[in-house]
Amino acid sequence: MASLAKQTLSAGDIKELPKAHVESVAHETFKVSKLTVQPGWKWSECIKPLVGTDSCQVAHSGVLTEGSMTVKMDDGTEMTFNAGDTFYIPPGHDGWVNGEVPMVGYEFAPVEREGTGPWQTKKE
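It should be emphasised that the depicted structure is a prediction, and the values quoted were computed from it without experimental measurement. (Residues numbered from 1 in each chain as written. Predicted model: local features only at pLDDT ≥ 70, side-chain atom pairs only at ≥ 80, totals over all residues. Heavy atoms only, no water.)

Provide a residue-level description of the overall build of the protein, including the pertinent values.
A tally of helices and strands in the protein yields two helices and nine strands. Listed by position from the N terminus, the elements making up the protein come as β-β-β-α-α-β-β-β-β-β-β. Here the protein holds 124 residues, and the buried ones make up 39% of them. Long-range pairs, those at least 24 residues apart, make up 59% of the contacts in the protein with a sequence separation of at least 6. Carbon and sulfur atoms make up 54% of the accessible area of the protein, which totals about 6,900 Å². (Helix = DSSP H or I, 4+ residues; strand = E, 2+ residues; numbered from the N terminus. Buried < 20%, exposed > 50% of the residue type's maximum accessible area, 1.4 Å probe, protein only. Contact = heavy atoms within 4.5 Å. Areas by Shrake-Rupley, 256 points an atom, 1.4 Å probe, with all protein chains shown as cover.)

Lay out the sheet that holds strand β2 (residues 20–26) in plain terms, naming residues and giving numbers.
By way of backbone hydrogen bonds, the strands of a sheet pair with one another, either parallel or antiparallel. As summarised here, the arrangement of the six strands in space is β1-β2-β3-β9-β4-β7, forming an open sheet in which the pairing is antiparallel. Every other strand in the sheet has two partners, leaving β1 (13–17) and β7 (86–89) as the edge strands with one partner each. Between one strand axis and the next, the sheet turns through 25° on average, direction left out of account. As judged from the four bridges shared by strand β4 (residues 60–66) and β7, these two strands associate in the antiparallel manner. When the sheet's bridge partners are listed, S61 is paired in β7 with Y88. (Pairing = 2+ DSSP bridges. Axes fitted to C-alpha atoms, helices over the stretch in contact; angles between N-to-C directions.)

Provide a residue-level description of the side chain of S68, including the pertinent values.
Position of S68 among the secondary structure elements: in strand β5 (residues 68–73). Side-chain polar atoms of S68 contact the side chain of N82, separated by 2.9 Å. Contact partners of S68, with chain neighbours within four places excluded, come to T80, F81, N82, W96, V97, N98 and M103. (Polar contact = N/O pair within 3.5 Å; in protein donor to acceptor, adjacent residues only side chain to side chain.)

Describe the UniProt feature "domain: (S)-ureidoglycine aminohydrolase cupin" (unreviewed entry) in the protein, naming the residues involved and giving the relevant values.
This chain's UniProt record puts "domain: (S)-ureidoglycine aminohydrolase cupin" (unreviewed entry) on residues 64–95. In this annotation, residues 64–95 is assigned 0% helix and 66% strand; the end-to-end C-alpha distance for the span is 14 Å. (UniProt positions renumbered as here; feature names shortened; annotations may be inferred.)

So what about the nonpolar core? Which residues, and what values?
Ranked by size, the top nonpolar core spans 21 residues in total, and within it V37, W41 and I47 carry the most contacts. Contributions of two or more residues to this core are made by β2, β3 (30–37), α1 (43–46), β5 and β7. In terms of residues, this core owes the most to one element, β5, which gives three residues. (Core = buried A, V, L, I, M, F, W, Y, C linked by side-chain atoms within 4.5 Å.)

Tell me what's going on with the pairing of β3, and back it up with residues and numbers.
Most of β3 is tucked away: six of the eight residues are buried. Taking the residues between adjacent antiparallel strands as the criterion, β2 and β3 are bridged by three residues. Pairing of β3 with strand β9 (residues 103–110), which is carried by eight bridges, proceeds in the antiparallel orientation. Directly across from S33, in β9, lies its bridge partner E107.

Tell me what's going on with the sheet that holds strand β8 (residues 93–97), and back it up with residues and numbers.
Here we have three strands laid out as an open sheet, ordered β6-β5-β8, and antiparallel in their pairing. Each of the sheet's edge strands pairs with one partner strand only, and the pair in question is β6 (78–82) and β8. Across the sheet, the mean angle from the axis of one strand to that of its neighbour is 20°, orientation sign disregarded. Bridge analysis of β5 against β6 gives five bridges, and the strand direction is antiparallel. Within the sheet, the bridge partner assigned to S68 lies in β6 and is N82.

Below, the structure is given as structure tokens:
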């Protein structure tokens, strides 16, 4: 059985990526990441060169607290997420920040996914 736990995001794993700042902590069964993504960020321009796939191949779930982001699936389906929206984004997508306000959001992922995903810095 899991035990009661608490961690501070700013004391966890911090990654600086092109136009993105990511703070993450892993608990026993899940990982929480705070994403601060700057205007002008686009997955296909900023992260694709680091991971080497044509589109993001990781599912995401979480909530946006500030700003706006649009996601385009490989099949052409598009959806915009705004502050206050929760999201589930399946694998096979591109995404970008809308406007001149940074996008801030929180993502929740199974801990076994640690080391993979949109914020990784090396090819699999």
